[in-house]
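# Tertiary structure, described
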Amino acid sequence: MSESFPRLSARTRRFTLGVPRGFTISPDGGRVVFLRTRSGTDPVTCLWELDTETHVERLVVDPRALHADEQDLPPEERARRERSREAAGGVVAYGADSALTRAAFALSGGLYVVELASGETRRLETPGAVIDPRLSPDGRQVAYVTGGALYVQDLASGHGLVLATPESPTVTYGLAEFIAAEEMDRMRGYWWSPSSDALLVERADEEPVDTWYIADPANPSRPANAQRYPSAGTPNARTELFVLGLDGSRVAVPYAEEYLTTAAWDDHALSIVTLTRDQKTMRLFSVDPATGASTLVREDADPAWVDIVTGVPAHLDDGSLVWVATSEGGHRLFVGDRAVTPPTLQVRSVLDVDHDSVLFSASGGDPTDIHLWTWDGHSLLPVSTRSGVFSGRMSGGVGVLSEQSLDAEGVSTTVVRRDGMAVAIPSYAERPGLDLRVSLGRSGRRELATAVVLPSWYEQGSGRLPVLMDPYGGPHAQRVLNRRGAFLESQWFAEQGFAVIVSDGRGTPGRGPDFERAVLGDLATPALEDQIDALQGVAEQYPDDLDLSKVAIRGWSFGGFLAALAVLRRPDVFHAAVAGAPVTDWRLYDTCYTERYLGHPDEQPEVYDNSSLFADAAKLERPLLLVHGLADDNVVAAHTLRLSSALLAAGRQHSVLPLSGVTHMTPQEVVAENLLLLQVDFLKKSLG
């Protein structure tokens, strides 16, 4: 008997194991280093290298050969993986020198350096468990963090140097604080100088941040885990920057804004990007590393918020600044002071700058497609032309292209050489074994991007199916994309007898700033209205196939909030809900995300009240299943427990499924598998 989809999805970490990722291209384009597990069910990530001339692929590092215990991870590394949503183990990240001759990585807290040409790997002695090792550009030294202190070790002599030591238990050097990692896509806290003689280092002090306690009720003998959590309206960590020289020098780099969004240090400039607490003003500074003095390069302001875009700032060979900003109703690529993309092309991220060319991702008229483009100094050129979702890298005139679409399973990765020859990097991912029946289109008055997923066995017009809405629905995230992987769980639910609808409402990316900013000041009303709009639009398109007397909704995180909101506020439309890890009161969620959309709770308490679920507790008249991991340190279990208490106080029946030892990611195989089965059982019983 073949393995069930829920079991296979759990074992394969939602079919991500075996997919190549984490690409680095050598400056001459001759080699590509990347990460990949050895099979679609193997959770141990290995380091590989491809010779682009000979097409020969070579295993460089297999963690099993190093006999490292993957279970013995330092707490900081576990937190880093939770922030980055890393589901695999082994070599999950690495740092290479600029010539791509060596790579450094951490494994179970140990520090390793590998010679890429020979595969010779050695473990370096360190005073403690290592976090985020990064080689200097010249490859002669490796920096790392242990115990909150930043160290540099010379690879030839083995001599170690302590660059910065924390002054108190709440201080760390060289690590991204919680908000930067969770909400700004910044996973690092230090940057090497191009000359390899200094580092720009973040000092973070969590002393002002409130302490929360994440307990494990299933194991009462264990003490609760104390965590600093900056909930909306409360203090963030204090962050500072210093240029630390290997000669012992220490130069402060002051800035006034609340958030450090990113930094970059290349041959043209040491740059830092800051953001005010209200996120309406972003500033880019050029820093003199000798004095710490900053010069304002550009300032972007927006009455709603300024978007954080990955990959910038960067520079062309001539020093021209590469930047992304909102202009004339679009997210646009700027080179120097000139916008080089039209407002109709929504730039998502800058992926690489290769001499005078910029590789970036963007969406045009269809937000379900994410394409690759280049700016070569004179014109825009499309890299990808077929419908789908693309990502890539570029260096030395060589590109790495990753492609996903509805027409093919999994991820297809190709190296495109300078001569135009394509070399495939195979994926070892498992096949889901589902016959996808997904139709992408627009629905409702706002022409929302919507996917309709029907059972593979269903004949249209043969009978009305109960409906399952399956959204995320929150800002800055997208569910409706032109790739099969986005709809595997939805198709499995459809196979159980549902017509599944997935729709991206206002706030989601790909359609421009105005569409995204429609949720400003209200995370509840637009999101719920758009799910209803999509449902009604699909019902018009499929008049004989949907049973609108049986409509359920499920979701996780923001999708969990939206699912609970739906049955509380619109029981006339939604008849059952599964709310996984829902945000129930935005005062309990973090500063950066929440205040971006709702402002400061002390200044706009009514906005928070309107987006909270507690005042609606007495309205519940439909079946509601609340699911929450008790070890969740992102959306803490208090969200579900407080809503449950409010429902109980109002005398409203509901169900709660607590997941002991489970975080926001639910990586455990048994939990992930049975969670799908329990949801189906609950929904079928609730809808009759």
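Our structure's up above, just so we're on the same page.
All values reported here derive from a predicted model rather than from experimental measurement.

What counts, and at which threshold
- For every chain, the first residue of the written sequence is number 1, and numbering continues from 1 along that sequence.
- Selection of residues for local features in this predicted model requires a pLDDT of at least 70, selection of side-chain atom pairs for listing and counting requires 80 or more, and totals for whole chains, interfaces and linings are taken over all residues.
- Side-chain metrics rest on all non-hydrogen atoms present in the structure, leaving aside hydrogens and water.
- By definition, any uninterrupted DSSP run of H or I lasting at least four residues is a helix, any uninterrupted run of E lasting at least two residues is a strand, and each is numbered from the N terminus.
- Each helix should span, by expectation, one fewer than its residue count multiplied by 1.5 Å.
- Burial here depends on accessible area, computed with a 1.4 Å probe over protein chains only, as a share of the maximum for the residue type. Under 20% is buried, over 50% is exposed, and the range in between is partly exposed.
- Throughout, the arc means the angular range of directions from the helix axis out to the C-beta atoms.
- We call two residues contacting when some pair of their heavy atoms lies within 4.5 Å.
- Here a strand pair is declared whenever DSSP counts at least two bridges between the two strands.
- The rule for a salt bridge is simple: a side-chain nitrogen of Lys or Arg has to be within 4 Å of a carboxyl oxygen of Asp or Glu.
- Any two of the Phe, Tyr and Trp rings considered here, Trp counted by its six-membered ring, make a pair once their centres fall within 6.5 Å; the pair's planes then place it as stacked at under 30 degrees, edge-to-face at over 60, or tilted in between.
- Comment: the charge-over-ring label is applied if NZ (Lys) or CZ (Arg) is within 6 Å of the ring centre and within 35 degrees of the ring normal.

Residue pairs spaced three or four apart in an α-helix point in one direction, given the helix's 3.6 residues per turn. When the terminal C-alpha atoms of helix α10 (residues 638-649) are compared, their 16 Å separation across 12 residues agrees well with the 16 Å that a helix rising 1.5 Å per residue should span. Turning to α10, its buried residues are His639, Thr640, Leu643, Ser644 and Leu647. Down the axis of α10, the buried side of the element spans an arc of 125°, and every buried residue falls inside it. In α10, the exposed positions that point more than 90 degrees away from the buried face belong to Leu648 and Ala649. Tucked inside the fold, the buried residues of α10 contact α7 (558-569), β43 (624-629) and β44 (655-659). Among the residues trailing α10, Gly651 stands out with phi positive, at a value near 75°.

A few words now on the pairing of strand β33 (residues 389-395). Taking burial as the measure, the seven residues of β33 include five buried ones, the bulk of the element. One ladder, built from seven bridges, connects β33 with strand β34 (residues 398-404); its direction is antiparallel. Bridge pairing in β34 places Ser391 opposite Ser402.

Opposite charge on two side chains permits them to pair, given that their charged atoms come into close proximity. Tallying each qualifying case throughout the model produces 44 salt bridges. Residue Glu53 is joined to Arg417 by a salt bridge in which the shortest nitrogen-to-oxygen separation is 3.9 Å. Of this pair, Glu53 sits in the loop between β3 (44-51) and β4 (57-61) while Arg417 sits in the loop between β35 (412-416) and β36 (422-425), and the two are 364 residues apart along the sequence. Owing to a relative accessible area of 52%, Glu53 belongs among the exposed residues under this scheme. Judged by relative accessible area, Arg417 falls into the buried class, the value being 11%. With a closest N to O distance of 3.1 Å, Arg186 and Glu177 form a salt bridge. Note on accessibility: Arg186 and Glu177 belong to one class, buried.

Take the side chain of Thr594 next. Here Thr594 shows up in helix α8 (residues 591-598). Residue Thr594 is classed as buried on the basis of its relative accessible area of 0%. Discounting residues that sit within four places of it in the chain, Thr594 has contacts with Ala232, Trp586, Tyr589, Gly599 and Tyr608.

The next point concerns the packing of aromatic side chains. How two aromatic rings sit relative to each other is given by the distance of their centres and the angle of their planes. What the rule picks out here adds up to 19 aromatic pairs. Three or more aromatic residues joined by ring pairs make a cluster, and in this case those are Trp305, Tyr472, Phe558, Phe561, Trp586, Tyr589, Tyr593 and Tyr597. Here Arg36 stacks its cationic end above the ring of Trp48, 4.2 Å away from the centre of that ring. Just above the ring of Phe242 sits the side chain of Arg250; from NZ or CZ to the centre is 4.2 Å.

To summarise the sheet geometry, strands pair through backbone hydrogen bonds and adopt either a parallel or an antiparallel arrangement. Taken together, four strands build an open sheet; the order of strands is β25-β26-β27-β28 and the sheet is antiparallel. Only two strands of the sheet have a single partner each, and these edge strands are β25 (314-315) and β28 (338-339). In this structure, strand β26 (residues 321-327) lies alongside strand β27 (residues 330-335), joined through six bridges in antiparallel fashion. If you follow Ser327 over to β27, its bridge partner there is Gly330.

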